[in-house]
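An overview of the molecular structure
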Amino acid sequence: MLPRNVPMQIDGSISDRVLTEFLNGVIATIPRVISGVVFLVLAYVVIKLALAVTRTTFDRIYPEEQRLIVDLSVAIVGLFLWFGAALALLKIVGLGDVAASLGTAGGFIGLGVAFALKEMIADTVAGVYLLKDPDFTPGDHVETASVTGTVTKIDLRKTRIRADDGELVVLANRDVEKKWTNQSRSVDME
């Protein structure tokens, strides 16, 4: 039969070892956490600077009425920069496998979102081209594949055309950009 104090010694030594291992783990983790915090502060500064440069660059390219393109571009750049910073932070604090898994999952999610939003993305890209095209501006009389009329407004995703019969027609930019003819300019050139 064991004396009463033997189980206490076994319990005491196990709890001491667990506590010692826990404290050693915390002490070993402190440099990683400090490195992570320093990285996060530097990443914040660099990303803010990169976004400011991006905004300034796009502000110079696009006029004030096309501010939506600038905001969209800055948001996309910011999303990619912050996602990359988050993955790097996970790697720094010792969670490299988690970072790799999230990077792969993020790629698949991005691919799925791009596939699901392919028409909206096509409208947006076509809208950027139409907004930058000096031959396609509000007030021009145009003929598209489905309507002939006067352009009243061009947005990032949609174009509004007042048809010759007076009806306001809203078209997806991808449909307008595929095939259109500016009848105002062709009359001016004759």
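This report concerns the structure included in the present document.

1. Some remarks on the overall build of the protein chain
When you go through the protein chain residue by residue, the secondary structure sums to six helices and five strands. By principal-axis analysis of the C-alpha atoms, the protein chain measures approximately 110 × 35 × 20 Å. Burial analysis of the protein chain (190 residues in total) assigns 21% to the buried set. Considering only residue pairs separated by 6 or more positions, the protein chain has 49% of its internal contacts joining residues 24 or more positions apart.

2. Points about the pairing of strand β3 (residues 158-163)
Looking along a regular strand, one sees the side chains alternate between the two faces of the sheet. Residues T159, I161 and A163 point to one face of β3 and are all buried, whereas K158, R160 and R162, pointing to the other face, are not buried. Here five bridges tie strand β2 (residues 148-154) to β3, and the two strands are oriented antiparallel to one another. Pairing of I154 across the sheet is with T159, part of β3. Here β3 pairs with strand β4 (residues 168-172) via five bridges, running antiparallel. By the bridge assignment, I161 is partnered in β4 with V169. Remark: four residues form the turn of the hairpin made by β3 and β4, two consecutive strands paired antiparallel; G166 in that turn has positive phi of roughly 95 degrees.

3. Observations concerning helix α2 (residues 67-92)
The end-to-end C-alpha separation of α2 is 37 Å, in line with the 38 Å expected for 26 residues at 1.5 Å each. Along α2, the residues that are buried comprise I69, V70, S73, V74, G78, A85, L87 and L90. Two residues or fewer past α2, G94 is found with a positive phi of approximately 95 degrees.

4. Let's talk about the packing of aromatic side chains
Geometrically, a pair of aromatic rings is defined through the distance of the ring centres and the angle of the planes. The tally for this structure, following the rule as stated, stands at three aromatic pairs. Here F58 and Y62 contribute two aromatic rings whose centre-to-centre distance is 6.2 Å and whose plane-to-plane angle is 20 degrees, an arrangement assigned as stacked. With 4.8 Å between their ring centres and 65 degrees between their planes, F136 and W180 make a pair best called edge-to-face. On the criterion of sequence distance, the pair formed by F136 in the loop between α4 (118-132) and β1 (141-144) and W180 in strand β5 (residues 180-182) is long-range, its members being 44 residues apart. Positioned over the ring face of Y62 is K132, at 5.0 Å from the centre of the ring.

5. Digging into α4
Here α4 is 15 residues long and its end C-alpha atoms lie 21 Å apart, about the 21 Å a rise of 1.5 Å per residue gives. D123, T124, A126, G127 and L130 are the residues of α4 that are buried. Looking at the buried side of α4, the elements it contacts are α2, β2, β3, β4, α5 (173-178) and β5.

6. Examining a nonpolar patch on the surface
Among the surface-exposed residues, L19, F22, L23, V26, I27, I30, I34, V38 and L42 lie close enough to one another that they form a single nonpolar patch of about 860 Å² accessible area. Relative to the helices and strands, L23 is located in helix α1 (residues 5-61). Residue class for L23 comes out partly exposed when judged on its relative accessible area of 43%.

7. What about the nonpolar core?
The biggest cluster of nonpolar side chains holds 11 residues, and these are L130, F136, V142, V147, V151, I154, I161, A163, V169, L171 and V176. Excluding residues within four positions of it along the chain, F136 makes contact with L130, V142, V151, I154, T159, V176, W180 and N182. By size, the runner-up hydrophobic cluster in this structure holds nine residues, among which are I47, L51, I69 and L156.

8. Details of the packing of α2 against helix α3 (residues 96-116)
To describe two helices that pack against each other, one gives the angle between their axes and the distance between the axes. Relative to each other, α2 and α3 sit at 155 degrees, their axes nearing to 7 Å. In terms of orientation, α2 lies roughly antiparallel with respect to α3. As α2 runs across α3, the sense of the crossing is left-handed. Contacts between α2 and α3 involve F83, L87, L90 and K91 from the former and G96, V98, A99, L102, G103 and G106 from the latter. A per-class count over the contact of α2 with α3 returns six nonpolar, three polar and one charged.

Calculation criteria
Residues numbered from 1 in each chain as written. Predicted model: local features only at pLDDT ≥ 70, side-chain atom pairs only at ≥ 80, totals over all residues. Heavy atoms only, no water. Helix = DSSP H or I, 4+ residues; strand = E, 2+ residues; numbered from the N terminus. Buried < 20%, exposed > 50% of the residue type's maximum accessible area, 1.4 Å probe, protein only. Contact = heavy atoms within 4.5 Å. Pairing = 2+ DSSP bridges. Expected span 1.5 Å × (residues − 1). Phe/Tyr/Trp six-rings, centres within 6.5 Å; stacked < 30°, edge-to-face > 60°. Lys NZ or Arg CZ within 6 Å of the ring centre and 35° of its normal. Patch = residues over 30% accessible without salt bridge, like charges linked within 9 Å, V, L, I, M, F, W, Y side chains within 5 Å. Areas by Shrake-Rupley, 256 points an atom, 1.4 Å probe, with all protein chains shown as cover. Salt bridge = Lys/Arg side-chain N within 4 Å of Asp/Glu carboxyl O. Core = buried A, V, L, I, M, F, W, Y, C linked by side-chain atoms within 4.5 Å. Axes fitted to C-alpha atoms, helices over the stretch in contact; angles between N-to-C directions. Parallel < 35°, antiparallel > 145°, perpendicular 65-115°, else oblique. Left-handed = near helix turned anticlockwise from the far one by under 90°. Nonpolar A, V, L, I, M, F, W, Y, C, P; charged D, E, K, R; others polar.

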